[in-house]
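Spelled out, the chains give:
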Amino acid sequence: MSENIVSKTAVVANITEISTKQLCEFSDKHILRLSGRPQPFLEYSPETKPETPANATAADTKAVADRVIYYLNRARANIGSGELKKLPRLTGYAEYRSSQLPSNFVHDISDWFAAAKATGYGRYTEMPDGSGSYDIGAQEAIAMAGIVGSADKIGQCLAQIIIDSSRHWQYVGSDEMKYTGVGVTCVDDLWYTCIMVTATDKYEK
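Residues numbered from 1 in each chain as written. Predicted model: local features only at pLDDT ≥ 70, side-chain atom pairs only at ≥ 80, totals over all residues. Heavy atoms only, no water.

Colleague: It is not clear to me how helix α5 (residues 109-119) should be interpreted in this structure. Could you clarify?
Modeller: Along an α-helix, residues three or four positions apart point the same way, because every turn accommodates 3.6 residues. Of the residues making up α5, those classed as buried are Asp 111, Trp 112, Ala 115 and Ala 116. For α5, the buried positions fall inside an angular range of 135° around the axis, keeping them on one side. Among the residues trailing α5, Gly 120 stands out with phi positive, at a value near 75°. (Buried < 20%, exposed > 50% of the residue type's maximum accessible area, 1.4 Å probe, protein only. Helix = DSSP H or I, 4+ residues; strand = E, 2+ residues; numbered from the N terminus. Arc of directions from axis to C-beta.)

Colleague: Help me out: how do you make sense of the pattern of salt bridges in this one?
Modeller: Applying the stated rule across the entire model yields seven salt bridges. Here Asp 111 ties to Arg 97 by a salt bridge, and the two come within 4.0 Å at their closest N and O atoms. With a gap of 14 residues between them, Asp 111 in helix α5 and Arg 97 in helix α4 (residues 88-100) connect regions that are remote in the sequence. On the basis of relative accessible area, Asp 111 is assigned to the buried category, the value being 14%. Note that Glu 140 is salt-bridged to Arg 97, the shortest N-O span being 2.8 Å. A residue pair is termed long-range when its members are at least 10 positions apart, and Glu 140 in strand β4 (residues 139-146) and Arg 97 in helix α4 qualify at 43 residues. Residue classification places Glu 140 among the buried residues on the basis of a relative accessible area of 1%. A relative accessible area of 0% places Arg 97 in the buried class. (Salt bridge = Lys/Arg side-chain N within 4 Å of Asp/Glu carboxyl O.)

Colleague: Any chance you could explain the confidence of the model for the chain here in plain terms?
Modeller: Regions with low pLDDT should not have their predicted coordinates read in detail. Chain-level pLDDT for the chain is 77 on average; 73% of the residues reach the 70-or-more range. The least confident element of the chain is helix α1 (residues 3-9), whose mean pLDDT is 25; the most confident is strand β1 (residues 85-86), at 98. Here residues 1-53 scores under 50 on pLDDT; set against residues more than four positions off or in separate chains, the count is 111 contacts. (pLDDT = per-residue confidence, 0-100. Contact = heavy atoms within 4.5 Å.)

Colleague: Is there a simple way to explain the pairing of strand β5 (residues 179-187) in this structure?
Modeller: Both faces of the sheet carry side chains from a regular strand, because those side chains alternate between them. Counted residue by residue, β5 has eight buried out of nine residues, so it is predominantly covered. Pairing geometry for β1 and β5, over two bridges, is parallel. In the sheet register, Lys 85 faces β5, and the bridge partner there is Tyr 179. Direction of pairing for β5 relative to strand β6 (residues 190-198): antiparallel, over a ladder of nine bridges. Opposite Val 187, over in β6, you have Leu 190 as the bridge partner. Hairpin connection, β5 to β6: the antiparallel pair is bridged by two residues, and Asp 188 has positive phi, about 55°. (Pairing = 2+ DSSP bridges.)

Quick look at the structure:
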């Protein structure tokens, strides 16, 4: 993928560890934001480890994704930005990207290419040497959290990670961005989200 394509598809932020108290009022949890491969969040003793399903259902993850959008839009309204509208095809791309994050929690060019190829989202350009690249015309933000709770609480927490990250929020919160697609994946009580924002809906057609 060319340098130009990369600049259109993602902004990489330095993501650091922060406590739950800084993000959300979940008294007994800690939330980590990491670059690179995910690490264990919290060691529970056998007496206190929550009894929750290892993996959420598709309905669960879609419900969380909708709450992520809700809380992003609420924060955008507070700074005078318009509401992000959910795009179906961009959502499919974001869902695919979120499924890649448990094994590779980074902004990865090869993963972008695989997601675009699998979902058919964006514009493919073939190069003279037979290789190719995708332009998806959107920017990406990713987050992860170790948490047990309702879809609303998890969605709020994931959204707040992005809101509190100045390098992410400068484009996710920008009024220039009109549309979004959000994907969420859960593995062993670790929640991963890929948030895509864009100023155009041209690839929905």
